[in-house]
Structures are given as C-alpha cells and as structure tokens.
Amino acid sequence: MKYTRREFIKGLGVAAVATQAVPAIMNMGKSSQDRPNILWLMGEDNSPFLGCYGDMYAVTPNIDRLAAEGVVYTRAYCSSPVCAPARNTLLTGVYSPSLGNEHMRSQYPIPKNVRFFTEYLRDAGYYCTNRFKEDYNCGPTPPGAWDRNVLSWFAAWRTRKSGQPFFHVINIPATHEGYLQEWRDNLVHDPRTVKLPPFHPDTPEFRHDYAQYYDQITKMDSQVGRVLEMLGDEIDNTIVFYFSDHGGILPGTKRFLREWGVRVPLVIRFPGKYRHLAPKNKRDDSLVSCVDFAPAILGLAGCAVPGHMQGRDFLKAGREYVYCFRGRMDERFDMMRSVTERRYKYIRNYMPHLPYAQHIEYLWAIPSMRSWQLLHDEGKLSGPPAAFFGRKPPEELYDLKNDPYEINNLAGDPLYRDELLRLRKECGRWSMEIRDAGFLHEVEMVERAGNGTIYDMVHNPEKYNLNEIMYAADRASMGANSSELNGFLRHSDSAVRYWGAVGCLITGAKCDLAGLLDDPSVTVRITAAQTLCAAGDTGRALPVLSKALGSGNQMVRLYAANAVDYIGERARPLLPVMKKMRDDEYEDVRKVMKWAVAKLEPTA
C-alpha cells in the first residue's frame with residue numbers, strides 16, 4: 001500500500017516536535033533511480049524499551065508505527081556497551097579490538113585500507129550526510145566520510161543533486177545517560193508504577209530515574225516523528241532504520257555485557273518498491289550485530305563488500321553467534337568478552353579481581369547510582385543488587401530463555417558443562433580470528449605499534465604472539481597456581497609477564513615479583529608494585545608507583561592512579577602526590593585521584 005506524505009505522517013501520530021580492501025563498486029545493473037535512499041535514525045543508550053517490543057510502560061507511537069509498517073528485529077546487538085567503540089565498529093565493519101580502538105575515546109588511528117563504509121557509498125554516487133555526532137574513536141573523521149555534516153535538524157539530503165540517492169544519519173541524543181544526571185520533577189511517567197529488574201535495588205532514586213528515562217524515550221520518539229515528517233514524499237524511496245548505538249541506560253547496564261547493555265532495538269521500514277529486500281517475517285529473531293550494518297548498507301546500495309570487513313549482510317544471511325567486548329571505560333581499566341547464541345550467553349572476565357562497580361565519575365553523577373553506592377556502604381544490599389559491588393567470576397553463563405535478567409550464573413553447574421566449554425572455545429576462537437589487540441595493556445599496545453597502526457601491529461606475529469599471550473591471560477584470570485604464574489613472570493614477552501603479574505594480583509599467590517619492579521615494561525612494573533602493595537609489601541613497591549604517577553605518558557599515569565586507588569589505605573604515604581594530581585592535565589587521572597583521595601581523607 002502506498003501512503004501519501006500526509007497519510008503517513010498522520011499514521012505516525014507525530015508529536016509537536018581479510019587485510020586488503022576490495023574496491024567498493026556500484027552495481028552497474030542499477031540506475032540511480034533503482035537504488036534506495038537510506039535513513040538512519042540512531043538513538044543513544046537505548047535498550048528495547050519500546051511499545052513495539054512489548055514494553056507497555058513506554059509511550060512510543062512513532063517508532064511503533066514505523067515497526068507496524070516494517071520489520072522488528074528482536075535479537076539485535078551492539079558490539080560494545082558504550083558509544084565510541086560501538087560507533088567505531090559500526091562505521092568500519094571491523095571489530096574495534098581488531099583495530100585497537102576498544103578503549104573509550106582512545107582515538108588511535110586506523111590503517112588506510114580500512115575505510116568508513118560511507119566512503120564506499122560516496123564512491124558509488126551516494127550523497128552522504130550526518131547530523132552532528134561522530135565520536136568514532138579513531139582520531140579525526142576521515143575527510144571522505146561525509147558530503148556534509150550538519151548541526152541542526154536540517155534535512156541535509158535536500159542539497160543533493162537531482163536523482164542522486166542519499167544516505168543520511170540523524171543522531172538523536174534525548175535518551176543519553178547525561179540526561180539522568182539532572183533530577184527533574186513533574187514527570188509524565190509515574191515512578192510508583194515502574195517495574196524494576198531484580199538486579200537493581202528498589203530505591204526512590206531508581207524509580208525516579210527509570211520514570212525520567214521513559215520520559216526521555218517519549219521525547220526521542222517525538223523527534224523520530226519530526227524527522228519522518230521532514231522526509232515527506234521521499235518516504236516512498238527511502239529505507240528507514242531506527243536503532244541505538246548501544247544499550248543502557250541505568251547503572252549496571254551501559255558499559256556492561258549483560259543483555260541490558262548490549263541488546264538494542266532495530267526497526268527497519270522498507271517502502272513498497274523495496275519490500276522485496278525485506279525479510280519475510282515482520283518480527284525477525286535472527287541474531288544481528290552492529291558489525292553487520294556496514295555490509296548490509298553496502299548491499300542495499302549495490303556495492304561490493306570489502307574483504308577486510310568482519311561483519312556480514314544480515315539482510316541476506318543470519319549468524320550463529322554475536323560477539324561483544326569491553327575495554328577501558330573512561331578512567332577505569334577492565335577487559336571483558338562475550339559470545340551469545342540463540343539461548344545461552346557466555347561472558348569472559350579477564351580481570352575478575354575488579355568489581356563491576358568501579359567508580360566512574362560520569363556514572364556516579366546519576367542519582368540512582370549514588371543511592372546504590374549508599375546502600376552498599378551501609379551494608380544494606382543483598383541478593384542480585386549486592387553482586388554489583390563484588391568481585392566478578394572469571395566466567396559467566398546464562399540461560400537467556402529461562403533467566404532473561406541474567407541472575408543465575410551457570411558456569412559452575414555441571415549440568416551445563418557442555419554449553420560452557422562450547423562457548424568458551426568459541427569466545428577464544430573469535431579473539432584469535434580477529435587478532436584481538438585487547439590482550440595487550442593499552443600502554444604497551446601503543447608502544448608496540450610505534451609509528452604504525454595497532455591493526456598492522458597485531459597482524460604481525462613477530463610483534464604480537466597472540467597464542468602465548470592469550471594462553472597466559474586465560475590461565476592467569478582463571479586462577480593459575482604460583483608455579484605456573486612464576487613461569488609467566490620469567491617469560492621473554494612483556495605481555496606474558498604482565499598477565500603473570502595480573503594473575504598474582506587475582507589469586508594472591510606468592511610469586512617472585514620483586515625482580516619485576518625494574519622490568520623494562522612500565523605496565524609490568526606497575527602491576528607488580530600494585531600486587532606487592534596489596535599483599536602488604538609497600539616498602540619497595542610504593543616508590544615504583546610514585547615514579548609512574550610522575551610519568552609524562554598520561555596513560556601510564558592513569559594506570560598508576562588506578563593501582564594507587566586499588567591498594568587503598570596502603571597508598572597513604574603517597575597522599576601529598578595524590579592531592580596534587582587532582583589537578584592533573586589529563587581529565588581521567590583527575591577523576592581517579594579525586595575519588596582515591598576522598599576515600600582516604602573524606603574532608604580533604
């Protein structure tokens with residue numbers, strides 16, 4: 001059925017507001033008129049909290065109408081539960097750990113052969129525009145990425161040549177985490193009727209923040225309607241996507257690999273002339289990853305998919321597994337990987353000694369997070385909400401069919417041993433396949449890359465022996481004994497020695513760490529010093545941390561700051577230095593030091 005512009009708007013209920021690139025070529029069998037326009041409506045920090053996903057608390061008439069006219073994907077995932085790394089994967093079609101861009105706002109350059117997919121679209125004659133937000137985690141946006149980047153709601157596609165197909169991105173930030181940092185009264189959604197998940201404590205702040213978030217979802221939905229109104233008669237020639245950069249938004253969801261952090265809504269409307277490109281089912285439960293978006297868009301445009309892309313065209317074929325990752329989030333280091341299939345999810349925590357609830361200043365600005373911290377400090381947490389402040393298990397396994405909130409970790413249950421082993425193996429296989437750079441500490445990753453790119457470095461076996469490094473990381477994080485850890489500590493590869501020291505920190509095993517205080521690798525020195533301090537041997541170790549805090553390398557200072565915060569009271573002799581570093585030139589160092597000093601001297 002063909003809709004006129006007015007009929008469609010009325011129906012929406014619009015509110016008041018491989019390593020070598022294969023050249024992307026246009027399918028010469030398609031004229032410009034045959035190729036669809038493509039519009040991305042990209043929300044921020046959204047889990048599938050929408051009416052079309054069965055959420056009756058949500059008020060989302062515009063997206064719901066879009067879904068009624070299109071396809072709802074029920075199993076779509078981002079690659080990382082935070083914006084910049086997720087967008088990096090989205091635009092390149094390459095997993096960020098393969099590029100060395102998994103760490104939040106790390107800005108490390110990508111190789112020349114890895115281009116944004118919009119560059120291939122432009123080569124094929126598309127007019128590509130973007131509404132203001134980029135945040136692609138790889139330094140300056142490539143100059144060939146966009147024909148035009150606009151700050152306003154202006155329909156930039158109107159400035160293209162006559163008959164030219166367009167690809168346009170509208171970033172809609174109304175649901176971003178930052179909008180929860182300011183408490184708002186007079187909410188439309190009633191906090192008393194919020195249905196809280198079992199992993200969150202029932203506090204007034206959590207109820208308020210959920211209600212406020214749903215108000216923002218309604219605002220976002222009205223802005224979706226506004227854009228569709230601007231689209232006008234172009235609706236008949238435009239495939240419209242609505243999705244989110246990642247999940248979230250409440251504490252313990254964004255930044256984490258649980259479903260509420262990585263599962264996203266995905267709704268696609270195909271107009272009549274392109275309906276043959278749509279899946280047969282109106283609700284599609286195929287597994288989709290954001291790494292698949294670039295190949296899918298190129299496929300819609302009639303372009304070849306470059307050989308280096310690691311995703312697949314999800315409109316043509318589904319996948320068996322979805323893979324996700326987490327690296328450093330703002331000022332806090334961590335390393336997690338996950339693999340999800342149709343029923344089970346496996347999460348690998350390579351740093352189980354670190355709690356989920358590492359203090360992140362931006363997150364703690366949300367009232368509900370502060371209320372959660374207060375309950376923990378007062379000893380009033382129990383059950384699932386208490387787990388957020390404890391040590392992570394090395395492995396997590398969840399039955400998503402019977403345990404959608406991921407409360408019951410089955411990793412230690414012998415009845416699920418086969419599933420655990422299968423998904424553990426698959427998670428490791430994927431990391432090997434993509435040449436996962438995350439097994440190097442961020443400082444060392446950059447040092448080994450030198451003047452080249454991290455991507456090129458990790459594909460050079462002489463610079464990156466991933467087999468041995470991954471083995472050390474696996475064993476260290478799973479609780480290797482002191483004999484095995486001491487073997488790692490004597491290894492010729494500094495990355496293996498680093499994981500050996502991390503393993504000593506995790507297990508508390510008595511290892512020969514003193515010799516590593518003079519190690520050529522600064523990350524090995526810092527980790528060894530942190531481990532010794534945690535065990536009470538501060539005399540030799542604190543000077544090493546003090547020296548690292550004075551490094552000219554900001555990432556070295558940040559790692560040392562995290563180490564000092566971790567050892568707590570034993571860092572008190574460094575307090576004068578720590579106080580000065582609350583004014584460090586690197587923002588993330590300032591954040592850690594403010595928190596660390598406040599714990600030692602609350603009134604300082």
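Only a predicted model underlies this, so the values are computations on that prediction, with no experimental measurement involved.

*Asks:* What am I meant to see in the pattern of salt bridges here?
*Replies:* A side chain of one charge can pair with a side chain of the opposite charge if their charged atoms are brought near each other. Enumeration over the complete set of coordinates arrives at 45 salt bridges. A salt bridge links aspartate 190 to arginine 192, with the nearest nitrogen and oxygen atoms 2.9 Å apart. Among the salt bridges present, the one from lysine 392 reaches aspartate 334, with a minimum N-O distance of 3.0 Å. In this pair, lysine 392 sits in the loop between α11 (384–387) and β12 (395–399) while aspartate 334 sits in the loop between β9 (322–326) and β10 (336–340), placing the two residues 58 residues apart along the sequence. The class of lysine 392 is buried, set by a relative accessible area of 3%. Take aspartate 334: its relative accessible area is 4%, and that puts it in the buried class. By sharing partners, the salt bridges in this structure join Arg328, Glu442, Glu587, Asp588 and Lys591 into a single network.

*Asks:* Quick question: what am I supposed to make of the sheet that holds β12 here?
*Replies:* Pairing between sheet strands relies on hydrogen bonds along the backbone, with the strands arranged either parallel or antiparallel. Spatially, β9-β10-β11-β12 is the arrangement adopted by the four strands of the open sheet, whose pairing is antiparallel. Edge positions in the sheet fall to β9 and β12, since each has one partner strand and no second. Pairwise comparison of adjacent strand axes, ignoring direction, gives a mean angle of 15° for this sheet. Of the strands in this sheet, β9, β10, β11 (344–349) and β12 touch helix α12 (residues 417–434), which is tilted by about 60° from β11.

*Asks:* Quick question: what am I supposed to make of the pairing of strand β2 (residues 71–77) here?
*Replies:* Along any regular strand, the residues point their side chains to alternate faces of the sheet. Across the seven residues of β2, seven count as buried, placing the element largely inside the fold. Pairing of β2 with strand β7 (residues 263–269), which is carried by five bridges, proceeds in the antiparallel orientation. Of the residues in β7, the one forming a bridge with valine 72 is valine 267. As paired elements, β2 and strand β8 (residues 283–289) share five bridges and run parallel to each other. Bridge pairing in β8 places tyrosine 77 opposite serine 289.

*Asks:* Hey, could you run me through the packing of α12 against helix α15 (residues 466–477) in this one?
*Replies:* Two quantities define a packed helix pair, namely the angle between the axes and the distance from one axis to the other. The interhelical angle for the contact between α12 and α15, taken along N-to-C directions, is 145°, at an axis separation of 11 Å. Crossing handedness for the pair α12 and α15: right-handed. Residues Gly428, Ser431 and Met432 of α12 lie in contact with α15, whose contacting residues are Leu466, Asn467 and Met470. Of the residues assigned to the contact of α12 with α15, the class counts are three nonpolar, three polar and no charged.

*Asks:* Looking at this model, I keep getting lost on the side chain of glutamate 177. Mind explaining?
*Replies:* Within the secondary structure layout, glutamate 177 lies in the loop between β5 (166–172) and α6 (204–231). In terms of polar contacts, glutamate 177 uses its side chain to reach the side chain of arginine 255, at 2.8 Å.

*Asks:* I tried to follow the sheet that holds β7 on my own but got confused; where do I start?
*Replies:* With respect to topology, eight strands assemble into an open sheet ordered β4-β3-β5-β1-β6-β7-β2-β8, the strand pairing being mixed. Whereas interior strands pair on both sides, the edge strands pair on one side only; in this sheet they are β4 (148–150) and β8. Strand after strand, the sheet turns through a mean of 20° between neighbouring axes, direction not considered. As paired elements, strand β1 (residues 37–43) and β5 share six bridges and run parallel to each other.

*Asks:* Where do I start with the nonpolar core in this structure?
*Replies:* Among soluble globular proteins, nonpolar side chains are generally buried collectively. One finds Trp40, Phe117, Leu121, Phe167, Phe241, Leu266 and Phe314 to be the most contacted residues of the largest nonpolar core, which totals 120 residues. With 12 residues, the top contributor of residues to this core is α6. Sequence-distant contacts of phenylalanine 117, that is, excluding residues within four places in its chain, are made with Trp40, Leu90, Leu91, Phe167, Ala294, Ile297, Leu298 and Met309. Core analysis: the next-biggest nonpolar cluster, separate from the first, contains 72 residues, Met335, Tyr350, Leu485 and Ala561 among them.

*Asks:* I keep staring at α6 and nothing clicks. Help me out?
*Replies:* Within an α-helix, residues lying three or four positions from one another point in the same direction, as the helix has 3.6 residues per turn. With 28 residues, α6 should cover 40 Å at 1.5 Å per step; its first-to-last C-alpha distance of 41 Å lies within 8% of that length. With 21 of 28 residues buried, α6 is to be regarded as a mostly interior element. Following α6 by one or two positions, glycine 232 adopts a phi angle in the positive range, close to 60°.

*Asks:* I tried to follow unusual backbone geometry on my own but got confused; where do I start?
*Replies:* The general pattern is negative phi for most residues beyond glycine and trans for most peptide bonds. The phi dihedral of asparagine 186 is positive, around 55°, even though this residue is not glycine. With respect to the helices and strands, the residue asparagine 186 is situated in the loop between β5 and α6. With phi around 85°, arginine 255 is a residue other than glycine that occupies positive phi space. Within the secondary structure layout, arginine 255 lies in the loop between β6 (238–244) and α7 (259–262).

*Asks:* Mind showing me how you'd approach the packing of aromatic side chains here?
*Replies:* For any pair of aromatic rings, geometry is given as the distance between the ring centres together with the angle between the planes. For the structure shown, the criterion picks out 39 aromatic pairs. Both rings, one in tyrosine 95 and one in tryptophan 430, keep their centres 5.0 Å apart while their planes meet at 85°; by these two values the pair is edge-to-face. Residue tyrosine 95 is located in the loop between α3 (83–92) and α4 (96–99), and its partner tryptophan 430 is located in helix α12; the two are separated by 335 residues in the primary sequence. Ring geometry for tyrosine 344 against tyrosine 416: centres 6.1 Å apart, planes inclined by 65°, an arrangement best described as edge-to-face. Of this pair, tyrosine 344 sits in strand β11 while tyrosine 416 is found in the loop between β12 and α12, placing the two residues 72 residues apart along the sequence. By way of ring pairs, the aromatic residues Trp40, Tyr73, Phe117, Trp146, Phe167, Phe241, Phe243, Phe293 and Phe314 are connected into one cluster. One residue, arginine 283, lies across the ring of tyrosine 53, its end atom 6.0 Å from the ring centre. Between lysine 392 and the ring centre of tyrosine 356, over which it is positioned, the NZ or CZ distance is 5.9 Å.

*Asks:* Just to check I follow, could you spell out the confidence of the model for the protein chain for this structure?
*Replies:* The predicted coordinates should not be examined in detail at positions where pLDDT is low. Here the protein chain shows a mean pLDDT of 93. Residues at 70 or above account for 95%. This model gives residues 1–29 a pLDDT under 50, and the stretch forms 62 contacts once residues within four places in sequence are excluded.

Thresholds, definitions, all that
- Residues numbered from 1 in each chain as written.
- Predicted model: local features only at pLDDT ≥ 70, side-chain atom pairs only at ≥ 80, totals over all residues.
- Heavy atoms only, no water.
- Salt bridge = Lys/Arg side-chain N within 4 Å of Asp/Glu carboxyl O.
- Helix = DSSP H or I, 4+ residues; strand = E, 2+ residues; numbered from the N terminus.
- Buried < 20%, exposed > 50% of the residue type's maximum accessible area, 1.4 Å probe, protein only.
- Pairing = 2+ DSSP bridges.
- Axes fitted to C-alpha atoms, helices over the stretch in contact; angles between N-to-C directions.
- Contact = heavy atoms within 4.5 Å.
- Left-handed = near helix turned anticlockwise from the far one by under 90°.
- Nonpolar A, V, L, I, M, F, W, Y, C, P; charged D, E, K, R; others polar.
- Polar contact = N/O pair within 3.5 Å; in protein donor to acceptor, adjacent residues only side chain to side chain.
- Core = buried A, V, L, I, M, F, W, Y, C linked by side-chain atoms within 4.5 Å.
- Expected span 1.5 Å × (residues − 1).
- Phe/Tyr/Trp six-rings, centres within 6.5 Å; stacked < 30°, edge-to-face > 60°.
- Lys NZ or Arg CZ within 6 Å of the ring centre and 35° of its normal.
- pLDDT = per-residue confidence, 0-100.

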